[in-house]
Amino acid sequence: MQSKLEQLKTEALLAVKAIKDKIGLEELEIKLLGRKGGELTNLLKGLKDLSGEARKQTGQLANEVKKEIEEALAAKKHELSAKEMGGLLEKESIDITQPSLPIKARGHFHPNTLIQNDLEDFFSSMGFMVLDGPELESDYYNFTAVNIPATHPARDSHDTFYIKGHPDWVMRTHTSSVQVRAMQKYGAPLRMISSGKCFRNEATDVRHEHTFYQLEGVVVGKDVNFAHMKGVLEAVCQHVFGPETKMRLRPKFYPFVEPGVNGEVTCFLCQGKGCKLCKQTGWLEVFGAGMVHPNVLKEGGIDPKVNQGFAFGFGLTRLAMLKYGIEDIRLLESGNMKFLEQF
Ligand code: PHE
């Protein structure tokens, strides 16, 4: 029996060595060590016919053989798993020395964003906070808070998108909606700008679009005056259109300022001589501004007897059109790649 065990061991180890895959290994394991009909199991059945010392010795040998076979099986299993993993890694290998693929299309900023980023940098350098405000706005912040009560005719000039089922919500018609939000949050003194999308229910044409960008600014303090406003706005206009640019202010009504003005710059194309761009006037209208109305300050929790301030609103879209010579406003929201790729 002992020689049979030795023989079984030799054969088994050779068989394990020859195995090439996990399924074959499993079958072999059952064939050798299976509880029912396994070769070793069958051999061990003969143990009970032995007696005394012979039984003890043969039993010991049997255990050793079993252990060796088990170890050989385990080692083979490990070897096969490692091979499998190696195969996967080989398939997925990354050659870090390979040169990268050429970048076919590099993204870039939209012309509105270029202007917005440029002006945000410029205002930051003058100590303005850059704030954000919601595009879906309450009727209160868009109108009532900036001195346009429910019955005010100015509401009619803003062709407002109202929200179905929410009578108190609007798509903001101007960035002036951020004025009172900022005052309520930060109080006086205040120096902030906020730019972003505005919406009006316009019939679109080359100069009208339902979605456009504005840049709002508010400065509030104890001795902030009209001259400060003029100085800041002139600096902005010269930053955008060049140091030779002249600015003029003409009276204009806005409910949230008093006095209110409309700001124009000398046409950069004809230097004020008159051309098609400025409709022969020599001037381009680029912003609205004025001293903040006391009602608006009050709404923002600021005492108009102590503080005063100025506010302005630039048509960012208009600035982008002027700066880049874009003739049709509708191109800006069109997603037209041929157009956008030029910037
Ligand atoms: N909100 C005004 C508009 O949309 C612009 C403006 C802002 C005017 C601030 C005065 C002060 O036309």
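Our structure is the block above this text.
Nothing here was measured: the structure is a model prediction, and the numbers come from that model.

Asker: Sorry if this is basic, but what is going on with the sheet that holds strand β4 (residues 166-171) here?
Answerer: By definition, the strands of a sheet pair up through backbone hydrogen bonds, in either a parallel or an antiparallel sense. Spatially, β2-β4-β3 is the arrangement adopted by the 3 strands of the open sheet, whose pairing is antiparallel. Each edge of the sheet is formed by a strand with only one pairing partner; in this case those strands are β2 (136-138) and β3 (162-163). In the sheet, β3 pairs with β4 via 2 bridges, with the strands oriented antiparallel. Across the sheet, Tyr 162 pairs through a bridge with Val 170, a residue of β4.

Asker: Just to check I follow, could you spell out the site of the ligand for this structure?
Answerer: Taken together, 14 residues lie around the ligand, and His 174, Ser 176, Arg 200, Gln 214 and Glu 216 are the ones closest in. Here a nitrogen atom of the ligand sits 3.1 Å away from a polar atom, N or O, in the side chain of His 174. Contact distances for the ligand include 3.2 Å between an oxygen atom and a side-chain N or O atom of Arg 200. Look at the ligand: alone it shows 330 Å² of surface, and the protein chains cover 90% of it. Those elements that provide at least two residues to the shell around the ligand are β6 (211-221), β9 (283-292) and β10 (308-315). Ranked by residues supplied to the shell around the ligand, first place goes to β10 with 3 residues. Here the residues of the shell around the ligand are counted per class, giving 6 nonpolar, 6 polar and 2 charged.

Asker: Could you clarify how one ought to interpret the packing of aromatic side chains in this entry?
Answerer: Each pair of aromatic rings is reported with the distance of its centres and the angle of its planes. Across all of its chains, the model carries 11 aromatic pairs by this definition. Taking the centre distance of 4.8 Å and the plane angle of 70° together, the rings of Tyr 140 and Tyr 141 count as edge-to-face. Judged by its relative accessible area of 28%, Tyr 140 is partly exposed. Residue Tyr 141 is classed as buried on the basis of its relative accessible area of 16%. Centre to centre, the rings of Phe 241 and Phe 268 are 5.5 Å apart; their planes meet at 15°, and the pair counts as stacked. A residue pair is termed long-range when its members are at least 10 positions apart, and Phe 241 in helix α9 (residues 226-241) and Phe 268 in the loop between β8 (257-266) and β9 qualify at 27 residues. Since its relative accessible area comes to 14%, Phe 241 is described here as buried. We classify Phe 268 as partly exposed; its relative accessible area is 25%. Ring-pair connections join several aromatic residues into one group, and the members of that group are Phe 122, Phe 123, Phe 128, Phe 287, Phe 310, Phe 312 and Phe 314. Sitting over the face of the ring of Tyr 141, Arg 181 holds its NZ or CZ atom 4.2 Å from the ring centroid.

What counts and how
- Residues numbered from 1 in each chain as written.
- Predicted model: local features only at pLDDT ≥ 70, side-chain atom pairs only at ≥ 80, totals over all residues.
- Heavy atoms only, no water.
- Pairing = 2+ DSSP bridges.
- Helix = DSSP H or I, 4+ residues; strand = E, 2+ residues; numbered from the N terminus.
- Near = heavy atom within 4 Å.
- Polar contact = N/O pair within 3.5 Å; in protein donor to acceptor, adjacent residues only side chain to side chain.
- Areas by Shrake-Rupley, 256 points an atom, 1.4 Å probe, with all protein chains shown as cover.
- Nonpolar A, V, L, I, M, F, W, Y, C, P; charged D, E, K, R; others polar.
- Phe/Tyr/Trp six-rings, centres within 6.5 Å; stacked < 30°, edge-to-face > 60°.
- Buried < 20%, exposed > 50% of the residue type's maximum accessible area, 1.4 Å probe, protein only.
- Lys NZ or Arg CZ within 6 Å of the ring centre and 35° of its normal.

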